[in-house]
Amino acid sequence: DPVTGDYTEAIQFQCLDRGGVRVFEGINFMSRNPVMTDGEMKAMHQRAKDAGMYPFGASEEQMHMVARRGEDEPKIDNSWQQMWHAIGVDKVLELLAESIEDGGR
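We now turn to the structure provided with this report. Everything numeric in this text was worked out from a predicted model, so none of it was measured.

## Focus: the overall build of the protein chain
No. 1: Of the regular secondary structure elements, the protein chain holds three helices and two strands.
No. 2: The secondary structure elements of the protein chain, listed N-terminal to C-terminal, are β-β-α-α-α.
No. 3: Here the C-alpha radius of gyration of the protein chain, 17 Å, is well above what a compact globule of 105 residues would show, namely 13 Å.
No. 4: Once the C-alpha set of the protein chain is aligned to its principal axes, its extents read approximately 45 × 45 × 30 Å.
No. 5: Contacts in the protein chain between residues at least 24 apart in sequence constitute 36% of all its contacts with a sequence separation of at least 6.
No. 6: Accessible area for the protein chain stands at about 8,900 Å²; split by element, carbon and sulfur atoms hold 56% of it.
No. 7: Between the centroid of the 11 positive side chains of the protein chain and the centroid of its 19 negative side chains there is a distance of 3 Å.

And the structure:
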């Protein structure tokens, strides 16, 4: 935001190599706005292109938009969430997040 200096959008590039072979590439456009205009989306694509991300899947033709849940919608609690909670995945993710936040100390 030019007025506050806060980030309102981010482009995240993920890449995973195993044994010298790239097994995953992912690019995420993220925004604090629940709905982005076509112009805002095009600007994100242009920033990704300028940053050299197009060969890795950042073009409009290579990406898809994931629908965002409304803030007032009820919490999702289906069989997958119940299973993850039962085997403790949520706790592992919390520990991982804490580790990342404290720099892995």
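## Side note on helix α2 (residues 79–87)
Think of an α-helix as turning once every 3.6 residues; residues three or four places apart then point the same way.
No. 1: For α2, a buried count of zero out of nine residues is recorded, marking the element as mostly open to its surroundings.
No. 2: One side-chain oxygen of the residue at the start of α2 lies 2.9 Å from the amide nitrogen of W80, identifying that residue as N78.
No. 3: Phi turns positive one or two residues past the end of α2, at G88, with a value near 90°.

## Section: the environment of V21
No. 1: Along the chain, V21 turns up in strand β2 (residues 21–31).
No. 2: It is 33 Å that separates the C-alpha atoms of V21 and R68, two residues lying 47 residues apart in sequence.

## Section: a nonpolar patch on the surface
No. 1: A grouping of W80, M83, W84, I87, L93, L96 and I100 is seen on the molecular surface, where their side chains present a nonpolar patch of about 790 Å² in accessible area.
No. 2: At four residues, α2 tops the list of elements feeding residues into the nonpolar patch.
No. 3: Within the secondary structure layout, I87 lies in helix α2.
No. 4: I87 gets classed as exposed once you look at its relative accessible area, which sits at 61%.

Conventions we followed
- Residues numbered from 1 in each chain as written.
- Predicted model: local features only at pLDDT ≥ 70, side-chain atom pairs only at ≥ 80, totals over all residues.
- Heavy atoms only, no water.
- Helix = DSSP H or I, 4+ residues; strand = E, 2+ residues; numbered from the N terminus.
- Rg over C-alpha atoms; globule rule 2.2 N^0.38 Å.
- Contact = heavy atoms within 4.5 Å.
- Areas by Shrake-Rupley, 256 points an atom, 1.4 Å probe, with all protein chains shown as cover.
- Lys, Arg positive; Asp, Glu negative; His and termini not counted.
- Charge placed at Lys NZ, Arg CZ, Asp CG, Glu CD.
- Buried < 20%, exposed > 50% of the residue type's maximum accessible area, 1.4 Å probe, protein only.
- Polar contact = N/O pair within 3.5 Å; in protein donor to acceptor, adjacent residues only side chain to side chain.
- Patch = residues over 30% accessible without salt bridge, like charges linked within 9 Å, V, L, I, M, F, W, Y side chains within 5 Å.
- Salt bridge = Lys/Arg side-chain N within 4 Å of Asp/Glu carboxyl O.

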